[in-house]
Amino acid sequence: MSTDPAAGPGAAVTVNGAARALVGAQPPVTALDWLRGIGFTGAKEGCAEGECGACAVLLARPSLDGSSDTPTEWTAVNACLVPAAALAGQEVVTAEGLGTPDALHPVQHELAVRGGSQCGYCTPGFVCSMAAEFYRPGREAFDHHALSGNLCRCTGYRPIVEAAEALGAPAVGDPLASRTTTPPPSAPPHSVPGWVRPAGLDEALALLGEPGAVAVAGATDLGVEANLRGSRPRLLVAVDRLEELRTTSVDDGVVEIGAALSLSEVERRLAGRIPLLDEVFPQFASRLIRNGATIGGNLGTGSPIGDLPPALLALDAELVLVGPAGERTVPLTTFFTGYRRSVRQPGELIARIRVPLPLATTTAFHKIAKRRFDDISSVAAAFALDLADGVVVRAAIGLGGVAATPVRATAAEQALLGAAWTPEGIAPAVRALATAGTPIDDHRASAAYRAAMLGQSLPRLLAESAVTR
Amino acid sequence: MSVGEARPHEAAALHVTGRALYTDDLALRAPGVLHAHPVQAPHAHARITRLDPLPAYAIPGVVRVLTAADVPGANDSGTKHDEPLFPDEVMFHGQSVAWVLGETLEAARLGAAAVDVGYEPLPSLVTIADAVDADSFQGARPTMVRGDVEAGFAASARVFEGVTSFAGQEHFYLETHASFAQVDDDGQVNVSSSTQHPTETQEIVAHVLGLASHQVTVQCVRMGGGFGGKEMQPHGYAAVAALGATLTGRPVRVRLTRQQDMTMSGKRHGFHATWKVGFDDDGRLQALEATLTSDGGWSLDLSEPVLSRALCHVDNAYWIPHVRVAGRIARTHTTSQTAFRGFGGPQGMLVIEDVLGRCAPVLGLAPEELRRRNFYVEGQATPYGQPVRHPERLDRAWQQVLDTGEYAVRRKEIERHNAGDPHRKRGLAITPVKFGISFNFTSFNQAGALVHVYKDGSVLINHGGTEMGQGLHTKMLQVAATALGLPIERVRLAPTRTDKVPNTSATAASSGADLNGAAVKDACAQILARIVPVRARLGTDAPWEDVVRAAYLDRIQLWAAGFYRTEGLSWDATTMTGTPFKYFAYGVAAAEVEVDGFTGAYEVRRVDIVHDVGDSLSPLVDLGQIEGGFVQGVGWLTLEDLRWDDSEGPHRGRLATQSASTYKLPSLSELPADLRVALLERATEDGVVYGSKAVGEPPLMLAFSVREALRDAVGAFGTPGTSVELASPATPEAVWWAIESVRR
């Protein structure tokens, strides 16, 4: 392979502590392809769509909660989705870099001695996901969701879970733990044919105005399109490290969330500020995906079965779009215009998501899927209600999977307003919800089941809110 | 003593550090390796009217297009001569009709898209029902008969009839099919393949290339999972790699993407069964008549022995005096279904467990009582005439699960919970497993091993079995160390190769440790016998190294080829009678679930398992097989959803769930909240290596307990005595419809 002519300064990657030239890294080459190509074959391709986690590696990323004590956080991502070019200037650790057979890393040791590997093919990915959790700042207990994006076909998971739970804290002087106390690698401007990391927002917007240019952040959707369906956009414009898109703020009237923050970053930075979103996060794909996928990307891709849109619809969210002409604010209810279409113009980006305050007090997110972790909704419903003296005084319901776009269940909302919060009182709203949208038959669920689940969701909310009360 | 010691997998340290190499990792280390990509047909059934490779050569980086015209030997990738490697008639959606080799995978992919193929679509059969309507069957149509079912039904107090149909299962080994071929200076074709059956891969490669077996060497370093999916299916991919390497003189790698693997390779057979069953007044089975129809897919592959094993397991653990069970294999335009952990056994057993689960409420018996009442007792034989040895082991395991699982106490707790919660119901069930060990086909029950003792006293072993994660190599190291009386560190194991141990059987039928372990032990025993005089001379305390050194100087052969064949087996496939199994493996599981009445979603709260592995060769490995098999079975029965497009639309015959995002296998969230596994004690199996028992397949069927617990929980939404029908897989949607049907 010839030297990449476009590789300028910064076209180096630190892999397991040693600098490597980032050669041959233009799309569609993924971080996984590139790592395996230079001999790090520990990471495997199991599915090429971010579902199995066999490709997981660790990246040194800015701390997810914006902490200054530990400004760097080891973040596990699916290397099969990350464009190789996005590694420019970054630090990567693979299973090979964590330990050796003679000097196993604590995570590796616990997995090995407890029978946590059988065929071993998924194991390096589990090791990396588990190591990210091992190094998570402030970890008290092991969060099982850290492993929600890794599939094992052999063990049945029990020994893997036990290995995770046996982990102590990193030893004093652990080099990867020490690394978290110094600043993360920056994301310098860099370009290769087909991929560019612009220097700032203005350059990004200018590039996105060109035909065939597509914004990319975590690549958790575009990467799947590339790997499984051969999508080859003319130019990928990396927007995930644009500081203008990575801020959060809370004031009396509104919570603002930067669109280029990953779901994990949003979760950690909001720290429970929006309970409805806290219900969504653990059900949103997997930790590996949430570490890459951004809130703006989940909205921008416009999928009718995305998990965030129903919740953000129920929260009456607005989007701030930024383009060459400046910013404009669009209610989420008018953002989607059709299947994977929106009012966003070419050359525009979602800059921020605004959630107005005060929040509704009774909220819930009902996701219907086959599997509890890391599955795609057949139908999803998000509720944001206020009750006063047993009567519904505010109602917003967002739905996914029932139409070409995420929608508000306006008829059911109208039927709820002023209704008693009792089985009899909500009956008209239940009927309205059961006939909302036009659910389809597919491999995830039948149309009849989808409609039935819509009909069940309000009685379920009533029953479950009674239990919590 | 190494045998019986709980040891981690022999390659665990390599697994966790990412240093364990798999077939495609080897391929990526070969300079100049070419990448292969298939041309997949977009029709379930079509005649190929044109196949022009020329446009592919316009793609930069395309090196060679492989078509039928390139095959020097037989254009056939199977052992039944019904699987052309390059077909002229497309038999399933996604079948490869040509392969493109490129300097990069991207070039090969674009080249494959550019190959110009003309298709004339033909009518297709996608479901078992389609095939039955069209009378489309393949292979043998065996019937297993004992006694007189008509007399049995006449003597029955209650007779029920029903239909049970259930889906197949994708293997979803994390490592997709992979092969890597190189040709050496003398024309020797060396193939690394992710294969459970190196000998058969060798034979197919040889016959495709028109070579003798000794011109082809197949190696399997290790597999990233097999589960039966790499018993017969790897051969064609190995042949493509070998053909490409032969034609180009360069190394060639074939590694399927997940979608290619799912759309091209065979799966567990789905079945359709009609049945009629009779019970006496006490709920004792009197007669069973059934017709089992499996979906074999487009070619025969292993469908006949899978069907035989299904028929041989329709009794599971139950004495049924009068039996007539017929089997047939539907020929459909889908992938060619193949071996999958249990090999038809789970499908046969699912039928009788479904029958008992559905009939128990109507008979007015608790399902656990109905099951227990029908267990085999000493002196009884299976419908095919094999005496059931050690049935008391099943009784012991059953009682142990009831006792340690506090079954009766929890039954009461569940009743209390269910009475108080209208929306969430719990269910509890206990089910048995009896599974026959040995290949049904007697000849396959043989194995070889090669044990080298070097002059320094170190030992290298080879055997004919392959490592797919099941811990076979770990067990073989333990067997060799124990047989030779050495610390296990003195023994190493080399990858499985056909030039080390020839004429091997597939690592399958759970038999890997039984057969190869006995062969390894035989080789060790030969060496020990030869050095007896040296030991006598040097004294019993002489260090092993001194003995070996002295033996070498005495010109004593310090290596040996071991061999084993299982004695006492017989099988007549025409009458479906004989003693096909060396022994039965037993197990019992109890599962408790909670089901949400709003959605049908559920969770497994607790599972108790007692399983019979004889005297365990390697308890940590065996525990892993039990738990892993159980969870895989739960996946088959509750979650994993193969959906073929059976519409008349343009995608007819296409697998709709062909990727990890649409075909969901168990994740961490499916691990039971409380999982307790015990090995049955006092379980020595005479005549098997160190008293052990096979463990690979039987635990999968412990998962019936979860399906039956779901049935129990669904029943709690209705009135007592209602028979609950539950689809398989019992997805949340399927459970919800079952609840709806009993709520009415």
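Just so it is clear, the structure is predicted and the values come from calculations on it, not from any experiment.

K.L.:
So, the overall build of chain B: which residues are in play, and what are the values?
P.N.:
Of regular secondary structure, chain B possesses 21 helices and 26 strands. For 744 residues, the compact-globule estimate of 2.2 N^0.38 gives 27 Å, and chain B sits close to it at 27 Å. Considered along the principal axes of its C-alpha atoms, chain B spans approximately 75 × 75 × 45 Å. When each of the 744 residues of chain B is scored for burial, the buried share is 64%.

K.L.:
Could you give me a rundown of the sheet that holds strand β8 (residues 158-166) of chain B, with the residues and numbers involved?
P.N.:
Residue and element names in this part refer to chain B. Spatial strand order, β7-β15-β14-β13-β8: five strands in an open sheet with mixed pairing. Since the sheet does not close on itself, it has two edges, and those belong to β7 (143-146) and β8, each with one partner. On average, each strand axis in the sheet is tilted by 5° relative to the strand beside it, whichever way the strands run. Here strand β14 (residues 285-295) pairs with strand β15 (residues 322-330) via nine bridges, running parallel. When the bridges of β15 are listed, leucine 288 appears paired with valine 323. Along the sheet, helix α10 (residues 303-312) makes contact with β7, β14 and β15, crossing β15 at roughly 160°. Sheet contacts for helix α11 (residues 345-363): β8, β13 (271-279) and β14; angle to β13, the most-contacted strand, approximately 45°.

K.L.:
Outline the pairing of strand β13 (residues 326-331) of chain A, supporting the account with residue identities and numerical values.
P.N.:
Remark: a regular strand shows side chains that alternate across the two faces of the sheet. Residues and elements named next belong to chain A. Of all six residues in β13, zero are buried, a share of ten percent or less. The sheet contact formed by strand β12 (residues 318-323) and β13 spans six bridges and is antiparallel. What sits directly across from valine 320, in β13, is threonine 329. With antiparallel pairing between neighbouring strands as the criterion, β12 and β13 make up a hairpin whose turn holds two residues.

K.L.:
Account for the domain arrangement of chain B, naming residues and giving values.
P.N.:
Residue and element names in this part refer to chain B. When cut into domains, chain B gives domain 1 (12-123 + 171-264), domain 2 (271-440 + 576-743) and domain 3 (446-565). Summarising the inter-unit geometry, the C-alpha centres of domain 1 and domain 2 are found 36 Å apart. In this complex, domain 1 contributes 22 residues to the contact, which on the side of domain 2 involves 24 residues. Residues belonging to the side of domain 1 that touches domain 2 are distributed by class as follows: eight nonpolar, nine polar and five charged.

K.L.:
Just give me the short version of the domain arrangement of chain A, but keep the residues and values in it.
P.N.:
Assigned domains of chain A: these are domain 1 (12-179), domain 2 (243-356) and domain 3 (364-468). Domain 1 of chain A and domain 3 of chain A are separated by 38 Å when their C-alpha centres are compared.

K.L.:
Which residues make up the interface of chain B and chain A, and what values do they have?
P.N.:
On the chain A side, the residues contacting the 63 residues of chain B number 66 residues. Breaking the side of chain B that touches chain A down by element, the ones donating at least two residues are α1 (12-16), α2 (23-28), α4 (105-114), α9 (258-264), α19 (619-638) and α21 (732-743) of chain B.

K.L.:
Got a sec to walk through the nonpolar core? Specific residues and values, please.
P.N.:
B:Val205, B:Ala241 and B:Ala480 are the most contacted members of the largest nonpolar core, which has 389 residues in total. Here this core takes 10 residues from strand β24 (residues 583-596) of chain B, the largest share from any one element.

K.L.:
Describe in detail the pairing of strand β26 (residues 674-679) of chain B, supporting the description with residues and values.
P.N.:
By the alternation rule, side chains of β26(B) split into B:Leu675, B:Val677 and B:Leu679, which are all buried, and B:Asp674, B:Arg676 and B:Ala678, of which none is buried. For the crossover from strand β25 (residues 602-611) of chain B across α19(B) to β26(B), the handedness is right-handed.

K.L.:
Run through the packing of helix α15 (residues 472-484) of chain B against helix α16 (residues 512-530) of chain B, naming residues and quoting values.
P.N.:
Residue and element names in this part refer to chain B. Orientation of α15 relative to α16, taken along the N-to-C sense of each, is 25°, at an axis distance of 9 Å. Judged by the angle between their axes, α15 and α16 are roughly parallel. The chirality of how α15 crosses α16 is right-handed. Contacts between α15 and α16 involve Leu472, Lys475, Met476, Val479, Ala480, Ala483 and Leu484 from the former and Gly512, Ala513, Asn516, Gly517, Val520, Lys521, Cys524, Ala525 and Leu528 from the latter. The residue inventory of the contact of α15 with α16, partitioned by class, reads 11 nonpolar, three polar and two charged.

K.L.:
Break down the environment of B:Ala44 for me, citing the residues and quoting the values.
P.N.:
All names here are of chain B. You can see alanine 44 is positioned in the loop between β1 (34-40) and β2 (46-52). A C-alpha to C-alpha distance of 15 Å links alanine 44 and glycine 296, two positions 252 residues apart in sequence. If we ignore the near neighbours within four places in the chain, the residues touching alanine 44 are Phe92, His93, Ser124, Val126, His333, Arg652 and Gly653.

K.L.:
Outline the sheet that holds strand β3 (residues 56-62) of chain A, listing residues and values.
P.N.:
The pairing of strands in a sheet comes from backbone hydrogen bonds and takes either a parallel or an antiparallel form. Residue and element names in this part refer to chain A. In spatial order, the strands read β2-β1-β5-β3-β4; together these five strands make up an open sheet with mixed pairing. The outermost strands of the open sheet, each flanked by one partner alone, are β2 (18-21) and β4 (72-78). Taken pair by pair, the neighbouring strands of this sheet meet at an average axis angle of 35°, ignoring direction. Bridge analysis of strand β1 (residues 12-15) against β2 gives four bridges, and the strand direction is antiparallel.

K.L.:
Give a detailed account of the confidence of the model for chain B, specifying residues and quantitative values.
P.N.:
On average, residues of chain B carry a pLDDT of 97, and 100% of them reach 70 or more. For this predicted complex, the interface score ipTM comes out at 0.97, alongside a pTM of 0.97.

K.L.:
Let's hear about helix α8 (residues 222-229) of chain A: which residues, and what values?
P.N.:
All names here are of chain A. Those residues of α8 that fall on the buried side of the exposure criterion are Leu222, Gly223, Val224, Ala226 and Asn227. On its buried side, α8 packs onto β8 (213-216). Positioned one or two residues after α8, glycine 230 has a phi angle of 70°, which is positive.

K.L.:
I'd like to hear about the packing of helix α3 (residues 106-113) of chain A against helix α4 (residues 123-134) of chain A, residue by residue, with values.
P.N.:
A pair of packed helices can be characterised by two numbers: the angle between their axes and the separation between those axes. All names here are of chain A. The contact between α3 and α4 brings their axes to 9 Å, and the two run at 130°. Overall, the two elements α3 and α4 adopt an arrangement that is oblique. You can see that α3 and α4 cross each other, and the crossing is right-handed. Within the contact between the two elements, α3 uses Pro106, Val107, Gln108 and Leu111 and α4 uses Thr123, Phe126, Val127, Met130, Ala131 and Phe134.

K.L.:
Go over unusual backbone geometry with me, naming the residues and quoting the values.
P.N.:
Between A:Pro27 and A:Pro28 the backbone carries a cis peptide bond, its omega angle lying at 10°. Looking at the element boundaries, A:Pro28 is found in the loop between β2 and α1 (31-37). Cis geometry marks the peptide bond from B:Ser728 to B:Pro729; its omega dihedral reads 10°. Secondary-structure assignment places B:Pro729 in the loop between α20 (704-715) and α21. Located in the positive-phi region is A:Asp316, a residue other than glycine, with phi close to 60°. Relative to the helices and strands, A:Asp316 resides in the loop between α13 (308-314) and β12. Assessed through the 19 C-beta atoms surrounding it within 10 Å, A:Asp316 is described here as partly exposed. Phi is positive for B:Phe343, which is not a glycine, with a value near 55°. By secondary structure assignment, the location of B:Phe343 is in the loop between β15 and α11.

K.L.:
Give me the confidence of the model for chain A: which residues, what numbers.
P.N.:
With 97% of its residues at a pLDDT of 70 or more, chain A shows a mean pLDDT of 95. Below pLDDT 50 for its whole length, residues 1-9 of chain A participates in 15 contacts with residues either more than four positions away or in separate chains.

Rules of the game
Residues numbered from 1 in each chain as written. Chains lettered and ligands numbered in written order. Predicted model: local features only at pLDDT ≥ 70, side-chain atom pairs only at ≥ 80, totals over all residues. Helix = DSSP H or I, 4+ residues; strand = E, 2+ residues; numbered from the N terminus. Rg over C-alpha atoms; globule rule 2.2 N^0.38 Å. Buried ≥ 20, exposed ≤ 12 C-beta atoms within 10 Å, placed from the backbone. Pairing = 2+ DSSP bridges. Axes fitted to C-alpha atoms, helices over the stretch in contact; angles between N-to-C directions. Contact = placed C-beta atoms within 7 Å. Domains from an automatic or database assignment. Nonpolar A, V, L, I, M, F, W, Y, C, P; charged D, E, K, R; others polar. Core = buried A, V, L, I, M, F, W, Y, C linked by C-beta atoms within 7 Å. Right-handed = clockwise from strand over helix to strand, strands pointing away. Parallel < 35°, antiparallel > 145°, perpendicular 65-115°, else oblique. Left-handed = near helix turned anticlockwise from the far one by under 90°. pLDDT = per-residue confidence, 0-100.

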